[in-house]
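Per-entry structural report
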Amino acid sequence: MGRTLRVVMFSWEYPPRVVGGISPHVYYLSKSLAKNSVDVYVVTCDFPGAPSREIVDGVHVLRIDSYKNPAPDFATWIYLMNMNMRKEAAALIRSLNGEVDILHAHDWLVASATIGLKHIFRIPLIATIHSTEFGRRNGIHTDYERMIHETERWLTYEAWKVVCCSNYMISHVAWVFGVPSDKLVMIPNGVNIADFQISFNKEEFRRRYALPEEKLVLFVGRLVYEKGAQVLVEAIPKVLSKVNAKFVIVGDGYMRNPLLKRVHEMGLTHKVLFTGFVDDWTLKRLYNCADVCVVPSLYEPFGITALEAMASKAPLVVSDTGGLSEIVEHDHSGVKVYVNNSDSLAWGITRILLDPAHAETLKENAFQKVMREYDWNGISVRLRQLYSLVHEEYLRGSWKPK
Amino acid sequence: MRVLIFSWEYPPRIVGKLAHYVNNLAKELVKRKIGVYVVTFHDYLTGCRREANNIITCRVSNPVRTHIGVLTWVLTLNQEVERIAAEVYYNSKRQISLIDVQDWHFIPAAVTIKKAFNIPFIYSVESIEEHRSHGANSPFNLSIKSIEWLGTFESCRIIVKSEWMKNEIIRFYNVPTEKIVVIQPKSQEWIGRILQIYNEATKDVGGYI
């Protein structure tokens, strides 16, 4: 190949526009790819105050005008946004003389833009499926959901390779869309480990959240049903009967008020602190102060908070489900407990809090694992290998334009 | 000259009178030695074929089967239109002179192809959403109007069938008057005028590409 591999990535969110996990994923991934000498363009939606063209950490970013068309509902807005994205990205690719080797789509939110461009320029398409409509809704129940489900299936059909972030998602995508297994590639989500290595006055920071004699139990996640904060709340009295602790619950969502009410009913308001959303600065320090970090999700395609805890050397208790099952090995890099079972969760938390030597081993093993498998640099190298593989297959084939 | 005509209806699929108009247009163009590819929708007669009258039809179906309305159906069908149009483009040594888009449905595909390959397109108007929905301004109608507006903005010429429609489009979409051409289908000079506009468009005489 005469020049460096050039990739155009499509995502409906990229910082400063942050809706969910795709935004940080694309940010770190594109940045690490650029460091590994891939020429990366990111095409994304606009955001107030953010420039339409800029270079961020070596990545060319194009923010399209995405609110041009009125739309009756979210899905129609997505398809119209894709129309505008196709138009602006087509002009971008033309300005590069069509010399783009890979188009990379993140979720159905950019499906129709990337599929159209794939055929127009005849550039191989790679799709990362972060989550599915089937998983988010626990089944398909309406025409609206089925339309999104079929759009996701269409994206996996059109993609040269489909990337998922966990083996759990690989098997889910294989089953729900009928994707052949040789098209599926597992490349995990990553964490920027260096971000979590901070030095600060722990005692002073910790005082804001817990008494010196209390252990600090940390939960980080949206307060929605599938993240399982309610399971943790039910486990609190069971833990407190064995060990003195303060429960810090970070995040917000529709379950915040019901949870507050439940804690009040239990007479435990002095033991539970709901912080709401916190900034990154605070979050990193909280991870570093935690005596145990709890991820009690009921549904979890990946489980990025688990990686953040591992990178911060906070001992982990996770429910044995989805991506979490793969990240943590029981009694080696954390403690696994039964899903949606507060007795089991209380057992896991107590086990770590009452055995500091064991906790020490777990967090050291976890840190080694996160360094080995979940560092963005290593992940971007794996992705670059996939890009090269697809590019070589493409060059050997007859689909490329003459 | 090689022309792609985009129309959401074409025989045997007849929804309104546009199907017959497009069929007639394609026939007359072929008689005048124009290479004509009609890109249209059909649920199962898919693919490109040369018909007995030498018109090449390229029919696509929608890869997403379930929809909540005509708008999402149209928006996902456009990628198949782009796919088959690109296939024609690559199979004909990248020599496509222009695209003639009939009504709003395939404007998104025409716009993408224009941006990708610098192929001009003409927006031919049979009807507009303002009249079809009797001035309704729900987000659904506004969406379709915004696609029609995109067609008026990105096209190099707009062909309408009456002076009345010309005035309506100027009134409704604020289009400069010289961008719109009135060609009455029943008139003597109809196909001659269409060809003249096609020629001007390929030479970028309008200056709007």
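Calculation rules
Residues numbered from 1 in each chain as written. Chains lettered and ligands numbered in written order. Predicted model: local features only at pLDDT ≥ 70, side-chain atom pairs only at ≥ 80, totals over all residues. Buried ≥ 20, exposed ≤ 12 C-beta atoms within 10 Å, placed from the backbone. Helix = DSSP H or I, 4+ residues; strand = E, 2+ residues; numbered from the N terminus. Pairing = 2+ DSSP bridges. Right-handed = clockwise from strand over helix to strand, strands pointing away. Domains from an automatic or database assignment. Contact = placed C-beta atoms within 7 Å. Nonpolar A, V, L, I, M, F, W, Y, C, P; charged D, E, K, R; others polar. Axes fitted to C-alpha atoms, helices over the stretch in contact; angles between N-to-C directions. Parallel < 35°, antiparallel > 145°, perpendicular 65-115°, else oblique. Left-handed = near helix turned anticlockwise from the far one by under 90°.

As for helix 3 (residues 107–117) of chain B
Residue and element names in this part refer to chain B. Most of helix 3 sits out of view: 10 of its 11 residues are buried. Listed as buried for helix 3 are I107, P108, A109, A110, V111, T112, I113, K114, K115 and A116. Taken from the residues just after helix 3, N118 is the one with a positive phi, measuring 60 degrees.

Re the pairing of strand 2 (residues 35–41) of chain B
Residues and elements named next belong to chain B. Burial within strand 2 is extensive, with 6 of its 7 residues counted as buried. Pairing of strand 1 (residues 2–6) with strand 2 involves 5 bridges; the strand directions are parallel. Bridge pairing in strand 2 places V3 opposite V36. One crossover worth recording links strand 1 to the parallel strand 2 by way of helix 1 (residues 18–31), and it is right-handed. Looking at chain direction, strand 2 and strand 4 (residues 56–60) are connected through 5 bridges and run parallel. Paired with T40 across the strands is R59, a residue of strand 4.

Details of the domain arrangement of chain A
Residue and element names in this part refer to chain A. Domains assigned within chain A are domain 1 (6–190 + 376–396) and domain 2 (193–373). The C-alpha-based centres of domain 1 and domain 2 are spaced at 31 Å. Contacts between the two partners involve 11 residues from domain 1, matched on the other side by 9 residues from domain 2. Counting residues per element, the side of domain 1 that touches domain 2 draws most heavily on helix 6 (residues 167–177), at 3 residues. Here the residues of the side of domain 1 that touches domain 2 sort into 4 nonpolar, 7 polar and no charged.

Here's the deal with the sheet that holds strand 9 (residues 215–220) of chain A
Residue and element names in this part refer to chain A. The 6 strands lie next to each other as 11-10-9-12-13-14, forming an open sheet whose pairing is parallel. Two strands bound the open sheet, and with one partner strand each, they are strand 11 (272–276) and strand 14 (335–337). For this sheet, the mean inter-axis angle between neighbouring strands, taken without regard to orientation, is 20 degrees. As defined by bridge partners, strand 10 (residues 245–250) adjoins strand 11 across 4 bridges and the pair is classed as parallel. The residue bridging I249 from the neighbouring strand is F274, located in strand 11. Here helix 10 (residues 280–289) sits on the sheet and contacts strand 9, strand 10 and strand 12 (292–295); the angle it forms with strand 9, its principal contact strand, is near 135 degrees. Most of the contacts of helix 13 (residues 342–354) go to strand 14, to which it runs at about 165 degrees, and overall it touches strand 9, strand 10, strand 12, strand 13 (316–319) and strand 14.

Here we look at the packing of helix 3 (residues 111–121) of chain A against helix 3 of chain B
Between two packed helices, both the angle of their axes relative to each other and the distance between the axes serve to describe the pair. Interhelical geometry of helix 3 of chain A versus helix 3 of chain B gives an angle of 45 degrees and a closest axis separation of 11 Å. If you check the angle between helix 3 of chain A and helix 3 of chain B, you find them oblique. Handedness of the helix 3 of chain A/helix 3 of chain B crossing: right-handed. Only T112, I113 and A116 of chain B of helix 3 of chain B make contact with helix 3 of chain A, whose side of the interface consists of G116, I120 and F121 of chain A. In terms of residue class, the contact of helix 3 of chain A with helix 3 of chain B is made up of 4 nonpolar, 2 polar and no charged.

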